[in-house]
Amino acid sequence: MASAPYTLYGTEFSLYTGKVRAYLEYKGIPFRERLSTVGIYKKVIVPKTGVRFIPVLESPEGEFVQDTTEIIDFLEERFPEKSVYPQTPKQKVVSLLLELYGDEWLLIPAMHYRWSFPDQNEAFIMAEFGKIVLPWAPAFVRRIVARSKASMFAGMLPVLGIDEKTGPEIEAWYLETLDHLNDHFQKHHYVLGDRASIADFGLIAPLYAHLYRDPAPGAIMRERAPNVARWVERMFESHASVGDWPTDDEIPETLLPLLRRQFAEQFPVLRETVDAVAQWIKENPGKRIPRKVGEHRFQIGKATGSRAIMPYPQWMLQRVLDAYGELEGSDRESVDELLRQCGGLEAMQMEIPQRVERRNNRLMPAEN
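Everything numeric here is computed off the predicted structure, so don't read it as measured data.

Asks: Break down the sheet that holds strand β4 (residues 64-66) for me, citing the residues and quoting the values.
Replies: Ordered in space as β2-β1-β3-β4, the four strands form an open sheet in which the pairing is mixed. Both outer strands of the open sheet, β2 (31-35) and β4, are each paired with one neighbouring strand and no more. Direction aside, neighbouring strands of the sheet carry axes that sit 25 degrees apart on average. Of the pairings in the sheet, the one linking strand β1 (residues 6-10) to β2 comprises five bridges and is parallel in character. Bridging from a neighbouring strand, Gly 10 pairs with Leu 35 of β2.

Asks: Describe the side chain of Thr 49, listing the residues and the values that go with them.
Replies: Inspection of the secondary structure assignment puts Thr 49 in helix α2 (residues 38-49). Of note is the side chain of Thr 49, whose polar atom sits 2.6 Å from the backbone oxygen of Ile 45. If near-sequence neighbours (up to four positions away) are discounted, Thr 49 is found in contact with Val 56, Gln 66, Asn 360 and Asn 361.

Asks: Tell me about helix α15 (residues 329-342), and please be specific about residues and values.
Replies: The terminal C-alpha atoms of α15, which comprises 14 residues, lie 20 Å apart, in line with the 20 Å expected from a rise of 1.5 Å per residue. Of the residues making up α15, those classed as buried are Val 335, Asp 336, Leu 338, Leu 339 and Cys 342. The arc that holds every buried residue of α15, seen down its axis, measures 160 degrees, which confines them to one face. Projecting away from the buried face of α15 at angles above 90 degrees are the exposed residues Ser 330 and Glu 333. Buried positions along α15 lie against α4 (89-105), α13 (256-283) and α14 (312-325). The first or second residue beyond α15 is Gly 343, which carries a positive phi of 70 degrees.

Parameters at a glance
Residues numbered from 1 in each chain as written. Predicted model: local features only at pLDDT ≥ 70, side-chain atom pairs only at ≥ 80, totals over all residues. Heavy atoms only, no water. Pairing = 2+ DSSP bridges. Helix = DSSP H or I, 4+ residues; strand = E, 2+ residues; numbered from the N terminus. Axes fitted to C-alpha atoms, helices over the stretch in contact; angles between N-to-C directions. Polar contact = N/O pair within 3.5 Å; in protein donor to acceptor, adjacent residues only side chain to side chain. Contact = heavy atoms within 4.5 Å. Expected span 1.5 Å × (residues − 1). Buried < 20%, exposed > 50% of the residue type's maximum accessible area, 1.4 Å probe, protein only. Arc of directions from axis to C-beta.

Here it is in structure tokens:
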């Protein structure tokens, strides 16, 4: 194994950079971090990956990996000790479900709380964006220039279904989620017990960069859910003390409310996404799949809104359904019983008519 450190290209305020940074710290993998300034995008990220997304990991051998899940899987092969993927049936499926929930669904409150509270957040956010646009300029100049860059991200709110109607229900859902997680982390160091799993890294993505660091939601978390705040801090401790997951494949009862909400609200969106992606591929054979393939209605709490249909979550969903589909006999029965408790048994029977895959950092129809 090469002794030179890995290089993580990202930013402190990037939702997905936090996921990879927490993983590197937890595993004790030597790395250095480079701020993804406009210059770094032009000189490194785009030439090496072909896309304009962070984080990007550079290996000591000069390999470049983009996408948080692919980065983690790349590193798991090289650093298999204290793997973040459980191998028992219930823990494996639940950890992948909660990675999907954190990565793709808790993105909604993360973006809402960052961009819908300008009085509390704007100065902080503009300063953060200014660091990547003009890192050498005085702070007040960076804040001014950063507005155009930041407006692009703020424009994502309608894409995610965030508006005046859904906003209050998003807040109610997030506060409920904080309460459940606060109860959970009062009893457990990590999601599944005393050892971090891929579920922790999926959840840390929205819960750190946006919901812990940004002033408005950060104050809410520290006051309402101090155990969650402590877990966030624990996730970035180098060489963290590692125990293990329960040996009997137990799933903490405190996670069941999160899973029930996931199956009730995220899975209907995923079902429609799978159908829309299959239809798009049928109409556009062989083409790269765009980041949006239409719009649909969705439900958050008591509110109904409209949002874009984004194909990428299907790729994440496939990981969950593949793990579930491999189960047989008593393993399948034990997971099915858990799914019944969560209202998710029927949802997990979903079939995907047209699989997708990532090739050269782009989403494409899967090759047979």
